[in-house]
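# Residue-level structural notes
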Amino acid sequence: MPSTTVHIPEDTLSRLDEIAKRRGVSRNRVVNEALEQAVIRDKGEWPQGFFERSADGATQAEIEEATRELERTVVASRRNRGAVLL
């Protein structure tokens, strides 16, 4: 695997080391995972596991209600009332 040099501010490096220690992984792994997520975000792809249902029943119900509320707000705010509903 190729390597590169990156200059990281001291306070950021300290926080990075705290994260790595808390997770029980290397600093390199934390940096690589963060970079991979940045590349995914830049490509417009969803992060791995984004659509997995991990919420418990109550949380899932809250998410579904929030989604319905958002849909009602969007529909009510449309200028073209004849548009197809979501």
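Bear in mind that the values here come from a model prediction, so they are computed numbers and not experimental data.

Thresholds applied
- Residues numbered from 1 in each chain as written.
- Predicted model: local features only at pLDDT ≥ 70, side-chain atom pairs only at ≥ 80, totals over all residues.
- Heavy atoms only, no water.
- Helix = DSSP H or I, 4+ residues; strand = E, 2+ residues; numbered from the N terminus.
- Buried < 20%, exposed > 50% of the residue type's maximum accessible area, 1.4 Å probe, protein only.
- Patch = residues over 30% accessible without salt bridge, like charges linked within 9 Å, V, L, I, M, F, W, Y side chains within 5 Å.
- Areas by Shrake-Rupley, 256 points an atom, 1.4 Å probe, with all protein chains shown as cover.
- Salt bridge = Lys/Arg side-chain N within 4 Å of Asp/Glu carboxyl O.
- pLDDT = per-residue confidence, 0-100.
- Expected span 1.5 Å × (residues − 1).
- Axes fitted to C-alpha atoms, helices over the stretch in contact; angles between N-to-C directions.
- Parallel < 35°, antiparallel > 145°, perpendicular 65-115°, else oblique.
- Contact = heavy atoms within 4.5 Å.
- Nonpolar A, V, L, I, M, F, W, Y, C, P; charged D, E, K, R; others polar.

### Looking at the overall build of the protein
Looking only at helices and strands, one finds 3 helices and 0 strands in the protein. Moving toward the C terminus, one meets the helices and strands of the protein in the order α-α-α. Per-residue burial for the protein yields a buried fraction of 7% across its 86 residues.

### Quick word on a nonpolar patch on the surface
A surface patch of nonpolar side chains, amounting to about 410 Å² of accessible area, comprises Trp46, Phe50 and Phe51. Relative to the helices and strands, Trp46 resides in the loop between α2 (27–43) and α3 (57–77). On the accessibility criterion, Trp46 (54% relative accessible area) is exposed.

### What to know about the pattern of salt bridges
Here the structure, examined in full by the defined rule, presents 5 salt bridges. One salt bridge connects Asp11 with Arg15, and the closest N-O pair in it is separated by 3.7 Å. In this pair, Asp11 and Arg15 are both assigned in helix α1 (residues 10–23), 4 residues apart and thus about one turn of the helix distant. Where Asp17 meets Arg27, a salt bridge forms, and the shortest distance between an N and an O atom there is 2.7 Å. Residue Asp17 is found in helix α1, and its partner Arg27 is found in helix α2; the two are separated by 10 residues along the sequence. With relative accessibility at 31%, the residue Asp17 sits in the partly exposed group.

### Here's the deal with the confidence of the model for the protein
For the protein, mean pLDDT is 83; residues scoring 70 or higher make up 84% of the total. Mean pLDDT values for the elements of the protein range from 83 in α3 up to 94 in α1.

### Considering α2
Between its first and last C-alpha, α2 extends 25 Å over 17 residues, near the 24 Å set by a 1.5 Å rise per residue. Just downstream of α2, Gly44 is the residue with a positive phi angle, here 80°.

### Thoughts on the packing of α1 against α2
Contact geometry of α1 with α2 gives a least axis separation of 8 Å together with a crossing angle of 105°. Relative to α2, α1 is oriented roughly perpendicular. Mapping the contact onto sequence places Leu13, Leu16, Asp17, Ile19, Ala20 and Arg23 in α1 and Arg27, Val30, Val31 and Glu33 in α2. For the contact of α1 with α2, the per-class residue count stands at 6 nonpolar, no polar and 4 charged.

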